[in-house]
Structures are given as C-alpha cells and as structure tokens.
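Spelled out from the first residue to the last, the chains are:
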Amino acid sequence: MAEEAKKPKIPNPEFTNQVIAEGAETLNLCFQCGTCTGSCPSGRLTAFRVRKMIRRAQLGFKDDILPTDDLWFCTTCYTCHERCPRGVEIPDIVFTLRNIAVREGYMGDAHKRVAGLLTKTGHMVPLTDEYKAIRKKLDLPELPPTTLSNEKALKELKKIVSLTGFDKLVGGK
Ligand code: SF4
Ligand code: SF4
C-alpha cells in the first residue's frame, strides 16, 4: 500500500500576530540567513536550532514550538542577538514564546525546578553546606541577609508569588 502523502502544514497568522503583539516586534525582520544558529552555543550541544524556531514562529506553527524541549535550551547568552544582520531581538522572541508556553501549561523541567526553588526560598540556587563553608571562610554570616534569614522578606515573597499566580504557573504540566 502506498504511503499516505504528508500533508503540508498550514500557517497560523493568528499565533504569529500574538507572538509579535506580546513582545516579538522584530520577528518578521528575519530573512533566515542562519547566522544565529551558527553562533549558538546551545545548538552545538543539542538539537536546538534557533533559526528554525524563528521560522516556525513566523509561520505560526505553535504546536512545533510550545510543547518542545527546544524552547528551553536557549541560555539567553545574546550571541545571536549581537550577530544578527537584521537586528532581530532573538532572545526577546524566545522569552515571549516561553511566556506563552508557560501560560499554556508547558515549562522545561530544569526551569520548573528552579522556579519552584524561587517560590519556596526566594533563591534559584540553594544554599548548600559547601556554600555555607565558603561563606564562613570569608568571614561572612552563614546565611545571607536575604529571604534566607529574613522571615518578613520571605513572607512578602510568598505573598507576591501567590498574588501574581506565579506558583500556579510553574506548577503546570
Ligand atoms: S541571524 Fe537574524 S536574520 Fe539570520 S536567521 Fe537568525 S534571526 Fe534570522
Ligand atoms: S541567546 Fe539563545 S539562541 Fe541565541 S545564541 Fe545564545 S543560546 Fe543560542
């Protein structure tokens, strides 16, 4: 039996317009030269190809962007931004896509873990015994003067997290 021909994807300008309206104003300046992908340190280690992601956003291929791990592989180093000949604000486009993804219940696992730590402690990097020992060596108090030692600040942080709904956002799928 002959293999069924693959149906071409249909562009979704509604999603493209949403992405542009939410902060990716320079999206359509991209002419697909590939300089960004050639400069991207994450692309050297993963299958993430930022040029492709930009193209998918231009075409509104939402389902090829929001649920993917690729979206979370950008380290926001800004190398692509510095080299793009068209002035496309690539990391801002990544941020915009991530914001939309999180609202729709998608978030990279590592980012979810870090965001969870932030909502609980006010810090994205946990203060381990190793760090405590380094602080001691430097003649610093074991705990820094932040939410880690200031109960009032921690309470306020938790209030912000709850009022903004950030805790629910990071608890998505
Ligand atoms: S470098 Fe700029 S113009 Fe070239 S593909 Fe990347 S975003 Fe598009
Ligand atoms: S900002 Fe992101 S997409 Fe751009 S070069 Fe750095 S890791 Fe790659």
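Residues numbered from 1 in each chain as written. Chains lettered and ligands numbered in written order. Predicted model: local features only at pLDDT ≥ 70, side-chain atom pairs only at ≥ 80, totals over all residues. Heavy atoms only, no water.

*Asks:* A description of the packing of aromatic side chains should follow, citing residues and the corresponding values.
*Replies:* Taken as a whole, this structure holds zero aromatic pairs when the rule is applied. Against the face of Phe61 rests Lys9, its NZ or CZ located 5.5 Å from the ring centre. One Lys or Arg, Arg86, reaches over the ring of Phe31 and ends 5.3 Å from the middle of that ring. (Phe/Tyr/Trp six-rings, centres within 6.5 Å; stacked < 30°, edge-to-face > 60°. Lys NZ or Arg CZ within 6 Å of the ring centre and 35° of its normal.)

*Asks:* Hey, could you go over helix 7 (residues 109-121) for me, with residue numbers and the actual values?
*Replies:* The first and last C-alpha atoms of helix 7 sit 18 Å apart over 13 residues, in line with the 18 Å expected at 1.5 Å per residue. Listed in full, the buried residues belonging to helix 7 are Ala115, Gly116 and Thr119. End-on view of helix 7: buried residues confined to an arc of 105°, all on one side of the axis. The inward-facing, buried residues of helix 7 abut helix 9 (151-163) and helix 10 (166-170). (Helix = DSSP H or I, 4+ residues; strand = E, 2+ residues; numbered from the N terminus. Expected span 1.5 Å × (residues − 1). Buried < 20%, exposed > 50% of the residue type's maximum accessible area, 1.4 Å probe, protein only. Arc of directions from axis to C-beta. Contact = heavy atoms within 4.5 Å.)

*Asks:* Could you give me a rundown of the environment of Lys168, with the residues and numbers involved?
*Replies:* Mapped onto the elements of the fold, Lys168 is located in helix 10. Using a relative accessible area of 65% as the deciding quantity, one classes Lys168 as exposed. Separated by 63 residues in the primary sequence, Lys168 and Gly105 have C-alpha atoms spaced 9.6 Å apart.

*Asks:* Let's hear about the layout of surface pockets: which residues, and what values?
*Replies:* Considering only enclosed or pocket space, the largest pocket measures out at about 230 Å³ in volume. Looking at the largest pocket, the residues that line it are Trp72, Phe95, Arg98, Asn99, Val102, Met107, His111, Val114, Ala115, Leu118, Met124 and Phe166. When residues of the lining of the largest pocket are traced back to their parent elements, those giving at least two are helix 6 (90-103) and helix 7. Counted by class, the lining of the largest pocket contains nine nonpolar, two polar and one charged residues. (1 Å grid on protein atoms, 1.4 Å probe; cavity = no way out; pocket = protein on both sides within 12 Å on 5 of 7 lines; lining within 4 Å. Points joined across faces, edges and corners; volume = space filled by probe spheres on them. Nonpolar A, V, L, I, M, F, W, Y, C, P; charged D, E, K, R; others polar.)

*Asks:* How would you summarise the site of ligand 1 if you had to cite specific residues and measurements?
*Replies:* Looking at ligand 1, there are 13 residues lining it, with Cys30, Cys33, Gly34, Cys36 and Cys84 nearest. Considered class by class, the residues forming the shell around ligand 1 number eight nonpolar, three polar and two charged. (Near = heavy atom within 4 Å.)

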